[in-house]
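Residues per chain, in single letters:
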Amino acid sequence: MVADVLDSLIVGGGPAGMTAAIYLARFRRRFELIDGGASRASWVPVSHNHAGFPDGINGNVLLERMAAQALRYGAAIRRGQVDAIAAAPDGGFTVTIGGVTRTTRTSLLATGVVDNEPDLPDLRNAVARGLIRYCPVCDGYEVIGRKVGVIGHGTSGLAEAIFVRTYSDDVTLLSVDASLTPTDETRRRAAEAGIGLIEAPIVAIAAEAEQTCAVTTQDGQLHRFDTVYSALGTRKRSSLARMIGATLTDEGAIVTSAHQQTSVKGLFAAGDVVRGLNQISVAMGEAAIAATAIHNTLRGMSVE
């Protein structure tokens, strides 16, 4: 194999990508990690459900620690954007990064997801202060007994509101789209679950000094919540997988084997771009599986 050919190239610098980098570096593999700098984990003010951090950990701090650990073992981490991936003539892949093409024997897509954010002013400030949240699985425990709003559409929004009822008796379903009026069935199910409904769409949201979210609706009413969850779903960053012909679900998730290999031989995927749970610990576990499978593939072992 030509000396300039990498053993592997990791696309994505979130928890999945960084975990894979730690493993591949310790496997003494020649690889690069390309980090676009847009990991969803960087938005996490404090994660309290990530094992090993009983006092919680900030998302950026966690990523920085993981990068430092990977670098300690010789990992090559580059900031950049992967524009294209294609099958190489002699096997493996050619990957174009900012106009420069690299050849690699294997590749791992850890590109994650993008939240469908409500188009509201002051959203970033509210997220940074932990008043707007995206993952009740991650931090629902922190809203026990609080007044919670859930921005969502139809059955998916209602399902998230019902989940949040595990933690609070005061949950209200909100909307940002006037065209999505709740159906009679939604109203019935919400009433049965003890969930309030505000049908007028949100037009503004502001973080107040007393650690509350002030939500203004189209009818001019002001509603205050201790926390607001956005349950508008996510979009998978799976364009590279689609480009090379890997199998995707209808929602755009990359389909993988038990060893995280996609339908394209030598191409692996891990993290939120694969699963719908969107958990740091799940992404890290899948990345450990994928990196080990990559190492074994390069050793000539079958991982099917």
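Residues numbered from 1 in each chain as written. Predicted model: local features only at pLDDT ≥ 70, side-chain atom pairs only at ≥ 80, totals over all residues. Heavy atoms only, no water.

> Help me understand the packing of helix α1 (residues 15-26) against helix α8 (residues 280-298), please; the structure alone is not making it clear to me.
Angle between the axes and distance between the axes: these two values describe a pair of packed helices. Interhelical geometry of α1 versus α8 gives an angle of 35° and a closest axis separation of 8 Å. α8 is crossed by α1, and the crossing has right-handed handedness. For the pair α1 and α8, the contacting residues are P15, A16, T19, A20, Y23 and L24 in the first and I280, A283, M284, A287, A288, A291, T292 and I294 in the second. Taken together, the residues that form the contact of α1 with α8 break down as twelve nonpolar, two polar and no charged. (Axes fitted to C-alpha atoms, helices over the stretch in contact; angles between N-to-C directions. Helix = DSSP H or I, 4+ residues; strand = E, 2+ residues; numbered from the N terminus. Left-handed = near helix turned anticlockwise from the far one by under 90°. Contact = heavy atoms within 4.5 Å. Nonpolar A, V, L, I, M, F, W, Y, C, P; charged D, E, K, R; others polar.)

> Would you mind showing me how to read the packing of aromatic side chains here?
Counted by the stated rule, this structure contains two aromatic pairs. Seen in terms of ring centroids, Y23 and F27 are 6.3 Å apart; in terms of plane orientation they differ by 65°. Their pairing is edge-to-face. Judged by its relative accessible area of 26%, F27 is partly exposed. If you follow R26 out to its NZ or CZ, it ends over the ring of Y73, 4.8 Å from the centre. A cation sits over an aromatic face here: K147 above F225, 5.5 Å from the ring centre. (Phe/Tyr/Trp six-rings, centres within 6.5 Å; stacked < 30°, edge-to-face > 60°. Buried < 20%, exposed > 50% of the residue type's maximum accessible area, 1.4 Å probe, protein only. Lys NZ or Arg CZ within 6 Å of the ring centre and 35° of its normal.)

> Quick question: what am I supposed to make of unusual backbone geometry here?
Glycine aside, the phi torsion of most residues is negative, and most peptide linkages are trans. Phi at R28 is positive, roughly 65°, even though this residue is not glycine. Its identity as a non-glycine residue notwithstanding, Q260 has a phi of 70°, on the positive side. Looking at where Q260 falls in the secondary structure, it is placed in the loop between α7 (239-244) and β17 (267-269). A residue is classified by how much of its surface remains accessible, and Q260, at 2% relative accessible area, is buried.

> Just to check I follow, could you spell out the packing of helix α5 (residues 154-164) against helix α6 (residues 184-193) for this structure?
Packing of α5 against α6 brings their axes to within 11 Å, and their N-to-C directions diverge by 0°. Taken together, α5 and α6 sit at an angle that is classed as roughly parallel. Contacts from T155, L158 and I162 of α5 reach α6 at T186, R189, A190 and A193. When the residues that make up the contact of α5 with α6 are grouped by side-chain class, the tally is four nonpolar, two polar and one charged. (Parallel < 35°, antiparallel > 145°, perpendicular 65-115°, else oblique.)

> Would you mind going over the sheet that holds strand β12 (residues 202-207) with me for this structure?
Paired through their backbone hydrogen bonds, the strands of a sheet run either parallel or antiparallel. Judged by pairing direction, the sheet is antiparallel, and its three strands sit side by side in the order β12-β13-β14 without closing on themselves. For this open sheet the edge positions go to β12 and β14 (222-225), each flanked by a neighbour on one side alone. Each neighbouring strand pair of the sheet contributes to a mean axis angle of 25°, computed without reference to strand direction. Pairing geometry for strand β13 (residues 213-217) and β14, over four bridges, is antiparallel. (Pairing = 2+ DSSP bridges.)

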